[in-house]
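# Results of the structural survey
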Amino acid sequence: MKKMKTYQQVIGETIAQLRTDKGWTQGELAQAVGTSQSAVHRIEKGGQNISLEMVKKMSEVFGTQILSINDSVSQSFMIRGGKELAGEITINTSKNAAVALLCASLLNTGKTVLHRVARIEEVFRIIEVLESIGVRCHWMNRHRDLEIISPRELKLDEMNIEAARRTRSIIMFLGPLLRRYKKFTLPYAGGCSLGVRTVEPHLKALASFGLKVDAASNSGFYEVEVDQKVLKSKEDRYIVLSERGDTVTENVLMAAAMSAGKTTIVGASPNYMVQDLCFFLEKFGVKIEGIGTTKLVVRGKIRHSMNVEYSISEDPIEAMSFIAAALVTNSEITILRAPIEFLEIELEVLKNMNAVVEKSPEYLSTNGRTRLVDLTIKKSKLVAPVDKIHPMPFPGLNIDNLPFFSVIAAVAEGRTLIHDWVFENRAIYTAELSNLNVKVELLDAHRVYIEGPTNWRPAELVAPQALRPAVVILIGMLAAPGKSILRNVYPINRGYQDFAVRLRHLGADIEPLTGI
């Protein structure tokens, strides 16, 4: 019978994993928590009892909860709100671009190095899947550079199904794998709880490369067959996307990158993560016309086996999160390295709400392509906009940024209509703000009125199981004077690196709840 691990061993393994994820040595962790390197070594090996005080210190430096009194899996934040923020924050690289490039690394049998990869749960899940099928992934340094080496033959039958089901990004394995295998299976995609996300656009678009999928057998897997005659055809492909989705565009791009001849994609998403993928594919010699537009013309190559390095661009959604935090707490902060091309509409809407935002001159990201600015968010007396606020595909207001306008509207004078026409039930999450005393009128599953300004009050809540709505509740708690508790914050950790630690850097009073 397999011997059960002691609680010291379980805690030690958790601490070792968190330390490794941050790229720290045992000595660096020891210095951060005020102990010796030998003590950290014994703790990680499960050979030393660990006090609650030390658990608390480690939770704080990691920015995540190690233990919970009721649930060893869930994590919680305690927020003492009503405090102004101040200082500077540097925007991390894009989460959505990172997961696309991790999937695209399957195209290359050489060495791929991605620079400054966000260390977040969504990225960890994809890495777990990649490693389970034989891909070697190695964090190279503290700068979050990741080395990826994909073998010529993958062990798809050994895929980590649990990790795969926890991310919807697994659907982006279809494009890279269809060139390598005549038949394969993938588990159904998971991720956010935002209603039904149909995979039909992916299947229809990839059918042009011979992909055939049985997704209706209720087996829990996509059963994939690839028609080799269609796949190897040298005729030009002309693909019209019925839905201008980011991931479907990325899937088609990856399939086209390994196909001879010309592939034209009409109705493509020109969003930030798609542009990052295009810049990455160009490193392999793939020719792509129309980057940043809705029509892409791709001339691919059958094989990719070379050493490639790429620097991921900055995350406009994270930038919007900090913009919202500043406005809602009536604070002045400076946001460094904000990708302005993907924030211009949002800033224009905020300008119409009387927000005061100063911009630096533009400069380029490390990838040499993405335009950046530094933004200083000033204290502002906001008013409700005249028109409704609604998302549109790029270059419109980003779909992922829309939820932040609900909490911003809560501090604006007047009544704001938020129209989330994309997801079946995300607007319903906005009603959670009423627990913080926001005046919310839910018209239907897509439309909601927010009336401000709000006389905030603290609350204890379970985070919505969708990423952006969970962050919106957290931002509201930053504004609410008194002590709030946000439980089960895994959705936030899925998309943000050290979010609580970075908010503390700006003066927020937020800490993980720990205990046994």
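With that settled, the discussion passes to the sheet that holds strand E10 (residues 262-266). Across the sheet, which stays open at both edges, the 4 strands sit in the order E9-E10-E12-E11 with mixed pairing between neighbours. Two strands bound the open sheet, and with one partner strand each, they are strand E9 (237-240) and strand E11 (287-289). Taking each pair of neighbouring strands and ignoring which way they run, the sheet shows an average axis angle of 15°. Examined bridge by bridge, E10 and strand E12 (residues 295-299) share 5 bridges and lie antiparallel to one another. Bridge pairing links Thr264 to Val297 in E12. Sheet strands touched by helix H11 (residues 246-257): E9, E10, E11 and E12. Its angle to E12, the strand with the most contacts, is close to 25°.

Right, let's talk about the confidence of the model for the chain for a bit. Per-residue confidence for the chain gives a mean pLDDT of 89, with 92% of residues at or over 70. This model gives residues 68-73 a pLDDT under 50, and the stretch forms 4 contacts once residues within four places in sequence are excluded. Ignoring residues within four places in sequence, the model shows residues 191-196, a span with pLDDT below 50, making 22 contacts including any to other chains.

Ordered by their spatial adjacency, 3 strands build an open sheet running E6-E8-E7, and the pairing between neighbours is antiparallel. Each edge of the sheet is formed by a strand with only one pairing partner; in this case those strands are strand E6 (183-187) and strand E7 (211-214). The average angle at which neighbouring strand axes cross in this sheet is 25°, direction not considered.

So, about the packing of aromatic side chains. A full pass over the atoms with the stated rule returns 8 aromatic pairs. For the pair Tyr188 and Tyr222, a centre-to-centre distance of 4.8 Å together with 55° between the ring planes defines the contact as tilted. You can see Tyr188 sitting in the loop between E6 and helix H9 (200-206) and its partner Tyr222 sitting in strand E8 (residues 221-226), a full 34 residues away along the chain. Taken together through their ring pairs, the aromatic side chains of Tyr272, Phe342 and Phe394 make up a single cluster.

This next bit is on the environment of Arg504. Residue placement: Arg504 occurs in helix H19 (residues 499-505). A relative accessible area of 27% means that Arg504 is categorised as partly exposed. Measuring from C-alpha to C-alpha, the distance between Arg504 and Leu442 comes to 33 Å, with 62 residues separating the pair along the chain. When sequence neighbours within four positions are dropped, the list of residues in contact with Arg504 reads Glu60, Ile510, Glu511 and Pro512.

Time to look at the environment of Val440. For Val440, the location among the structural elements is in strand E19 (residues 439-442). Separated by 206 residues in sequence, Val440 and Lys234 place their C-alpha atoms 56 Å apart. For Val440, the contacting residues outside a window of four places in its chain are Thr430, Ala431, Leu433, Ser434, Val448, Tyr449 and Ile450.

Conventions and cut-offs
- Residues numbered from 1 in each chain as written.
- Predicted model: local features only at pLDDT ≥ 70, side-chain atom pairs only at ≥ 80, totals over all residues.
- Heavy atoms only, no water.
- Pairing = 2+ DSSP bridges.
- Helix = DSSP H or I, 4+ residues; strand = E, 2+ residues; numbered from the N terminus.
- Axes fitted to C-alpha atoms, helices over the stretch in contact; angles between N-to-C directions.
- Contact = heavy atoms within 4.5 Å.
- pLDDT = per-residue confidence, 0-100.
- Phe/Tyr/Trp six-rings, centres within 6.5 Å; stacked < 30°, edge-to-face > 60°.
- Buried < 20%, exposed > 50% of the residue type's maximum accessible area, 1.4 Å probe, protein only.

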